[in-house]
2 protein chains.
Amino acid sequence: MNNVYNFAAGPAQLPEAVLRRAQDELSDNRRRGISVLEMSHDSREFSTVIKSAEASLRELMNIPQNYKVLFLQGGATTQFAAIPLNLLSERRTADYVITGQSSRNAYLQAKKYGDIAIAASSAGASPAFSTVPETTRADFRPDADYVHICYNNTVYGTKFNYVPDTGNIPLVANMSSSILSEPVDVTKFALIYASAQKNIAPAGMTVVIVRDDLIGNARPETPFMLDYKLHADSRSMYNTPPVYQIYMAKLMFDWILSVGGLDEMKRRNERKASLLYDYLDSQHYYTAPVDKKCRSMTNVIFITGDAKLDTKFAKEADRAGLKNLKGHSSVGGMRASLYNSMTEQGVAALVDFMKHFAEDNPKLGA
Amino acid sequence: MNNVYNFAAGPAQLPEAVLRRAQDELSDNRRRGISVLEMSHDSREFSTVIKSAEASLRELMNIPQNYKVLFLQGGATTQFAAIPLNLLSERRTADYVITGQSSRNAYLQAKKYGDIAIAASSAGASPAFSTVPETTRADFRPDADYVHICYNNTVYGTKFNYVPDTGNIPLVANMSSSILSEPVDVTKFALIYASAQKNIAPAGMTVVIVRDDLIGNARPETPFMLDYKLHADSRSMYNTPPVYQIYMAKLMFDWILSVGGLDEMKRRNERKASLLYDYLDSQHYYTAPVDKKCRSMTNVIFITGDAKLDTKFAKEADRAGLKNLKGHSSVGGMRASLYNSMTEQGVAALVDFMKHFAEDNPKLGA
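Notes on the structure follow. (Residues numbered from 1 in each chain as written. Chains lettered and ligands numbered in written order. Predicted model: local features only at pLDDT ≥ 70, side-chain atom pairs only at ≥ 80, totals over all residues. Heavy atoms only, no water.)

1. As for the environment of Asn199 of chain B
Residues and elements named next belong to chain B. Mapped onto the secondary structure, Asn199 falls in the loop between strand 9 (191-195) and strand 10 (206-211). You can call Asn199 buried: its relative accessible area is 1%. For the pair Asn199 and Ala12, spaced 187 residues apart in sequence, the C-alpha to C-alpha distance is 7.5 Å. Excluding residues within four positions of it along the chain, Asn199 makes contact with Ile179, Leu180, Ser181, Met252, Tyr339 and Asn340. Reaching out from Asn199, the side chain makes a polar contact with the backbone oxygen of Ile179 at a distance of 3.0 Å. A polar contact is formed between the side chain of Asn199 and the backbone nitrogen of Asn340, at a distance of 3.1 Å. (Helix = DSSP H or I, 4+ residues; strand = E, 2+ residues; numbered from the N terminus. Buried < 20%, exposed > 50% of the residue type's maximum accessible area, 1.4 Å probe, protein only. Contact = heavy atoms within 4.5 Å. Polar contact = N/O pair within 3.5 Å; in protein donor to acceptor, adjacent residues only side chain to side chain.)

2. Let's talk about the packing of helix 6 (residues 243-259) of chain A against helix 7 (residues 261-281) of chain A
Residues and elements named next belong to chain A. Two elements in contact, helix 6 and helix 7, have axes separated by 7 Å at closest approach and are oriented at 80°. Accordingly, the angle class assigned to the pair helix 6 and helix 7 is roughly perpendicular. Of the residues in helix 7, those in contact with Trp255, Ile256, Leu257 and Val259 of helix 6 are Gly261, Leu262, Glu264, Met265 and Arg268. Residue composition of the contact of helix 6 with helix 7, grouped by class: six nonpolar, one polar and two charged. (Axes fitted to C-alpha atoms, helices over the stretch in contact; angles between N-to-C directions. Parallel < 35°, antiparallel > 145°, perpendicular 65-115°, else oblique. Nonpolar A, V, L, I, M, F, W, Y, C, P; charged D, E, K, R; others polar.)

3. With respect to the interface of chain B and chain A
In many reports, interface size means the accessible area that the parts give up when they come together. On the side of chain A, 62 residues touch chain B, which itself brings 62 residues to the contact. Between chain B and chain A the total buried area reaches about 4500 Å² when both faces are included, carbon and sulfur atoms providing 57% of it. For chain B, the biggest contributors to the area lost against chain A are Arg30, Leu37 and Glu38 of chain B; these three give 15% of the whole. Taken together, the connections running from chain B to chain A amount to zero salt bridges. Between chain B and chain A we count 17 residue pairs in polar contact (both at pLDDT 80 or more) in total. Looking at the side of chain B that touches chain A, the elements that each hand over two or more residues are helix 1 (16-32), helix 3 (75-87), helix 4 (101-110) and helix 6 (243-259) of chain B. In terms of residue class, the side of chain B that touches chain A is built from 28 nonpolar, 24 polar and ten charged. (Buried area = accessible area lost by both parts, 1.4 Å probe. Salt bridge = Lys/Arg side-chain N within 4 Å of Asp/Glu carboxyl O.)

4. Comments concerning the packing of helix 1 (residues 16-32) of chain A against helix 6 of chain A
All names here are of chain A. Close contact between helix 1 and helix 6 brings their axes to 9 Å; oriented N to C, the two are set at 130°. With respect to each other, helix 1 and helix 6 are oriented oblique. The element helix 1 and its partner helix 6 pack so that their crossing is right-handed. Across the interface between the two elements, Ala17, Val18, Arg21, Ala22 and Glu25 of helix 1 pack against Tyr244, Tyr247, Met248, Lys250, Leu251, Met252, Asp254 and Trp255 of helix 6. Here the residues of the contact of helix 1 with helix 6 are counted per class, giving nine nonpolar, no polar and four charged. (Left-handed = near helix turned anticlockwise from the far one by under 90°.)

5. Focus: the pairing of strand 11 (residues 299-302) of chain B
Residue and element names in this part refer to chain B. Neither face of strand 11 is left uncovered, since the one carrying Asn299 and Ile301 and the one carrying Val300 and Phe302 both have all their residues buried. The pairing of strand 11 with strand 13 (residues 334-337) spans four bridges and is classified as antiparallel. Within the sheet, the bridge partner assigned to Val300 lies in strand 13 and is Ala336. (Pairing = 2+ DSSP bridges.)

6. Digging into empty space enclosed by the protein
On inspection of all chains with the given rule, the structure shows five cavities of 30 Å³ or more. Put simply, the largest cavity is a space of about 180 Å³. Thr78 of chain A together with Gln73, Gly74, Thr78 and Leu226 of chain B are, among the 18 residues lining the largest cavity, the residues nearest its centre. At the level of secondary structure, the elements contributing two or more residues to the lining of the largest cavity comprise helix 3 (75-87) of chain A together with helix 3 and helix 5 (228-233) of chain B. Among the residues forming the lining of the largest cavity, the class breakdown is eight nonpolar, ten polar and no charged. (1 Å grid on protein atoms, 1.4 Å probe; cavity = no way out; pocket = protein on both sides within 12 Å on 5 of 7 lines; lining within 4 Å. Points joined across faces, edges and corners; volume = space filled by probe spheres on them.)

7. Some remarks on helix 3 of chain A
Taking 1.5 Å as the rise per residue, helix 3 of chain A with 13 residues should run 18 Å; its terminal C-alpha atoms sit 18 Å apart, in good agreement. The buried fraction of helix 3 of chain A amounts to 13 of the 13 residues, a majority that puts the element mostly inside the structure. (Expected span 1.5 Å × (residues − 1).)

8. Section: the relation of the copies chain B and chain A
Superposing chain B onto chain A requires a rotation of 180° together with a translation of 0.0 Å along the rotation axis, leaving an RMSD of 0.0 Å. In the structure described here, the two chain copies are related by an operation that fits a two-fold rotation axis. A share of 100% of the interface residues of chain B reappears at the interface of chain A, consistent with the copies meeting face to face through the same patch. (Least-squares fit on C-alpha atoms with pLDDT ≥ 70 in both.)

9. Considerations on the pattern of salt bridges
Once the charged atoms of two side chains with opposite charge are near each other, the side chains can pair. All names here are of chain A. Taken as a whole, this structure holds 48 salt bridges over all chains when the rule is applied. Across the pair Glu344 and Arg271 runs a salt bridge whose closest N-O atoms are separated by 3.0 Å. Of this pair, Glu344 sits in helix 9 (residues 344-360) while Arg271 sits in helix 7, and the two are 73 residues apart along the sequence. Residue Glu344 is classed as partly exposed on the basis of its relative accessible area, which comes to 34%.

The structure is reproduced here in structure tokens:
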């Protein structure tokens, strides 16, 4: 245990219990001859690890049997291409909701492969992307092959406060920064994907949860490594998978199960987010620029309104052991990422620091 | 240190010195607050790691400045698609030399994107793929956009004993199982790629060394994540890279430099391979089925000629601490992978075991 709290948006900190177990097992199995860093993906040991990781994730998220769970490489960015390449039919139409950079990049990538429309966007909000557009079924083209959303926006600190009603159109969601932070009804989505480095494991792995009927229809130009069918048929072993990340994911899933599952994660995350948002709402030194009804529970944005003070804040917070609070370069200000690994003590320490910083740095004219 | 020797073809064992340093640094930086498993790719710390990894690899392999070094995800299999997607011109022609499964898979993937020819193959050898075809410039189409080879075949235990003369045609080589085992003249290749899990780092990273003039010409259908230009322009940070694997690769490169570089690796690897091949050539119980002039230094194949004895061998060797000697399922027999991490003691222990096994298990009729 230490007094450093890492608020990075990802790669993010890991729970102390998970890190300790990883370290202990690394020492232990090194003594026995083959460490997990050297484990063959073809071994009985790893077969147990990957099956257990999948079983634990299915239990945690209550994933129905008609969904496949894939552990892949290449980050969410690779999925930006895999999704249209696997899901577009001969019509090649899909609708995207734009709520920030990630969904815009997903949209730009998909445009290579079909007739891709922006069904809704919060680019015009003030400040840009500070809310999530409300959508109804009428916003989506009835012949769209799928609708794509980014469920929680890491950069702008917003989150969908509803699941879009797309009727029979498959709904695809990038959940990189919200997965495992609370229960979601998987059946409302046709495909959920998430890069590991925020709430699952070290960077280098992507989880894809995909309904069976969307598998097996890849476009002819699809690289083998982006074809869901090849991965599903080989249980994520079409080529050598990122063994260590899958092992770490298993440790993470088991840890979450051991402390009470996603209901407990939600309770903890709501408590942490409230601690920070309640403070933000109680004073005028800092501003939380995001539409209250779309506030992210995992990525909390705040600004002083003075770029120089923001810079000073991040620098002094870092010296005080509150790391990586600088906002994304495209937004500025501060961002505190409160994934499952962040403790309530960490958030309390942040709020405490914020109070002192505000006292010590009065604004001119205030 | 332990008495277990892991002869796996990959994911493979790591040098004891590299593992120990990884473990020490994990404990140490966890104590200081942020472990390398949690390190942000955007941090100053990681910027130092990735720059140092690249600099060390450039020094080790003597990589000229007109080549980019990329640290990517997705394994060699992703490169099977990235190579044609980036290197095919409007002509869309390329020539492949087939020396086993990996090069065949690379060829099948490339066929999606152009007029791909088999310039030479050792499929017809007896046993299949037990040699590497000799090629001359006349074997390659003068208008081919590139020629692709697999420099060392992990499954069949063969290695090119020459660099094909392709004239002005860019030569592309998969070096997954031979990279860093000995010096190569990088200038003879236009592109070298290698997955990490054999001789570089834990599974989940791929090194691509590519000449500048081959960057920036990706086919229109290329997914962003397979476009070399995007990765080169962002110095392998187009999206979140596999931070831990890049860190481990840096430790590996530094370790190789510290013990004498690739000349020393070659000396060690030749000594280890000779120990095993000399024994194989000195007796009649085991057979080394590979053409002598194309023997791999890193993957040594041998058989007893009796499938039941082979199975017994692998099982008893495992109990004796000689792990993962079972040959690839498509070949059978035994395979001993002697990457940089394998010590001479390990090979001596294997030869010793082989002698005892032969004595204890006389063949019927022998």
